[in-house]
Amino acid sequence: MARVLAVVNQKGGVGKTTTSVNLAAGLAGKGRRVLLVDLDPQGNATMGSGIDKRNLARTVYHALLGLSEAASVRARSQSGAYDLLPANRELAGAEIELVELPNRESRLKSALAPLGAQYDYIFIDCPPSLSLLTLNALVAAEEVVIPMQCEYYALEGLTDLVGTIKRVRAHLNPRLEIAGLLRTMYDPRNTLAQHVSAQLETHFGDKVYRTLVPRNVRLAEAPSYGAPAVVWDSASKGAQAYLALAQEILARDAAQEARAVGA
Ligand code: ADP
Ligand code: MG
């Protein structure tokens, strides 16, 4: 069964989509079967996967509202070698329409259930809010990946997010765990960044990924070519960091499986 990871941070511009797209392509490149769910009405993960969000008859919106099977909404990212549940502006309406529906927090979980056996990893790229869409991701996922920039307010935002994760765990999804915190756009010469990074390690220990993603313009350029940076310019520093992160995730998952077998 697929491991389902939600890529979450209520702050915009911290690297959620860049992380989702490059991890999806990075793990696909290592032979894993990957599905990426674009859960942001901005459709950046869709465009960054090389799929034109303007030409879609059906999107994740239809799967959430039960108007289509998730399987029939699926598109293939040729550049990234993974499958995608695409999104566009229509998804913004789901936020309101879902409120009226039964099981409004678990619609995504139900939609993904028939696909679980077809993948090794499912990533959910979340919108920049702790909205009903993000709640659906937190209910569908087993684990949360939190990309963050090492700046002063980041820690405050993290407290809110950890609080939300705890509430979801208490009421809706008891198995939900933080997979890891990912330091993005990291500048090692910036002393505030060093300080925040050290604080993260103190508070979250092993939950902080060893891999640091540096600020690298190739990561920002790749989406305009409709391809993940790990494919488009795999030698770039940014791509190398995401490939290392994919390796770190595989190693952690292998260790966890070994523990589960031993237990
Ligand atoms: P989010 O999904 O959290 O809003 P994005 O992944 O879209 O964040 O990143 C915000 C912007 O920063 C985008 O233009 C993206 O291309 C750019 N970006 C993301 N990560 C990096 C990085 N490590 N170095 C340089 N630019 C980055
Ligand atoms: Mg995004």
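The preceding data block contains the structure.
On to the overall build of the chain. Helix and strand counts for the chain stand at 12 helices and 8 strands. Against the 2.2 N^0.38 benchmark of 18 Å for 263 residues, the chain shows a C-alpha radius of gyration of 17 Å, consistent with a compact globule. Summarising its shape, the C-alpha atoms of the chain cover approximately 50 × 40 × 40 Å along the three principal directions. A fraction of 78% describes how many contacts in the chain between residues 6 or more apart in sequence connect residues 24 or more apart. On the chain, roughly 11800 Å² of surface is accessible, and the fraction owed to carbon and sulfur atoms is 52%.

Of all 5 residues that make up strand β1 (residues 3–7), 5 are buried, and the element is covered over most of its length. Residues Arg3, Leu5 and Val7 point to one face of β1 and Val4 and Ala6 to the other, with burial holding for every one of them. Pairing analysis gives 5 bridges linking β1 to strand β5 (residues 121–125), with the strands arranged parallel. Within β5, the position partnered with Val4 by the bridge is Ile122. Examined bridge by bridge, β1 and strand β6 (residues 143–149) share 3 bridges and lie parallel to one another. Residue pairing across strands places Val7 opposite Val145, the latter belonging to β6.

What follows deals with the site of ligand 1. Close to ligand 1 lie 14 residues; Gly13, Lys16, Thr18, Pro214 and Asn216 are nearest. Within the backbone of Pro214, an N or O atom sits 2.9 Å from a nitrogen atom of ligand 1. For ligand 1, whose unbound accessible area comes to 550 Å², protein coverage reaches 78%. Put simply, ligand 1 lies in the largest pocket. If you list the elements that add at least two residues to the shell around ligand 1, you get α1 (16–29), β8 (208–214) and α10 (217–221). Among the elements that line the shell around ligand 1, the one with the most residues is α1, at 3 residues. By residue class, the composition of the shell around ligand 1 is 6 nonpolar, 6 polar and 2 charged.

With 52 residues, the main nonpolar core has Val37, Leu112 and Ile124 as its most contacted residues. Contacts of Val37, omitting those with residues within four sequence positions, involve Val60, Leu85, Leu108, Leu112, Ile122, Phe123, Ile124 and Asp125. Counting 34 residues, the second-largest nonpolar core is a separate cluster that includes Leu23, Ala25, Ala28 and Val230.

Next up on the list: the side chain of Glu143. Relative to the helices and strands, Glu143 resides in strand β6. We classify Glu143 as buried; its relative accessible area is 11%. Within the structure, Glu143 has its side chain in polar contact with the side chain of Arg3 (distance 3.3 Å).

Moving on, we come to the sheet that holds strand β2 (residues 34–38). With respect to topology, 8 strands assemble into an open sheet ordered β3-β4-β2-β5-β1-β6-β7-β8, the strand pairing being mixed. In this open sheet, the two strands that pair with only one neighbour each are β3 (75–77) and β8. Sheet twist, expressed as the average angle between the axes of neighbouring strands with direction ignored, equals 25°. Relative to strand β7 (residues 177–186), helix α9 (residues 191–204) is tilted by about 170°, and along the sheet it contacts β6, β7 and β8. Seen against the sheet, helix α12 (residues 237–262) touches β1, β5, β6, β7 and β8 and runs at an angle of roughly 170° to β8.

Definitions and cut-offs
- Residues numbered from 1 in each chain as written.
- Chains lettered and ligands numbered in written order.
- Predicted model: local features only at pLDDT ≥ 70, side-chain atom pairs only at ≥ 80, totals over all residues.
- Heavy atoms only, no water.
- Helix = DSSP H or I, 4+ residues; strand = E, 2+ residues; numbered from the N terminus.
- Rg over C-alpha atoms; globule rule 2.2 N^0.38 Å.
- Contact = heavy atoms within 4.5 Å.
- Areas by Shrake-Rupley, 256 points an atom, 1.4 Å probe, with all protein chains shown as cover.
- Buried < 20%, exposed > 50% of the residue type's maximum accessible area, 1.4 Å probe, protein only.
- Pairing = 2+ DSSP bridges.
- Near = heavy atom within 4 Å.
- Polar contact = N/O pair within 3.5 Å; in protein donor to acceptor, adjacent residues only side chain to side chain.
- 1 Å grid on protein atoms, 1.4 Å probe; cavity = no way out; pocket = protein on both sides within 12 Å on 5 of 7 lines; lining within 4 Å.
- Sits in = over half its atoms within 2 Å of the grid points.
- Nonpolar A, V, L, I, M, F, W, Y, C, P; charged D, E, K, R; others polar.
- Core = buried A, V, L, I, M, F, W, Y, C linked by side-chain atoms within 4.5 Å.
- Axes fitted to C-alpha atoms, helices over the stretch in contact; angles between N-to-C directions.

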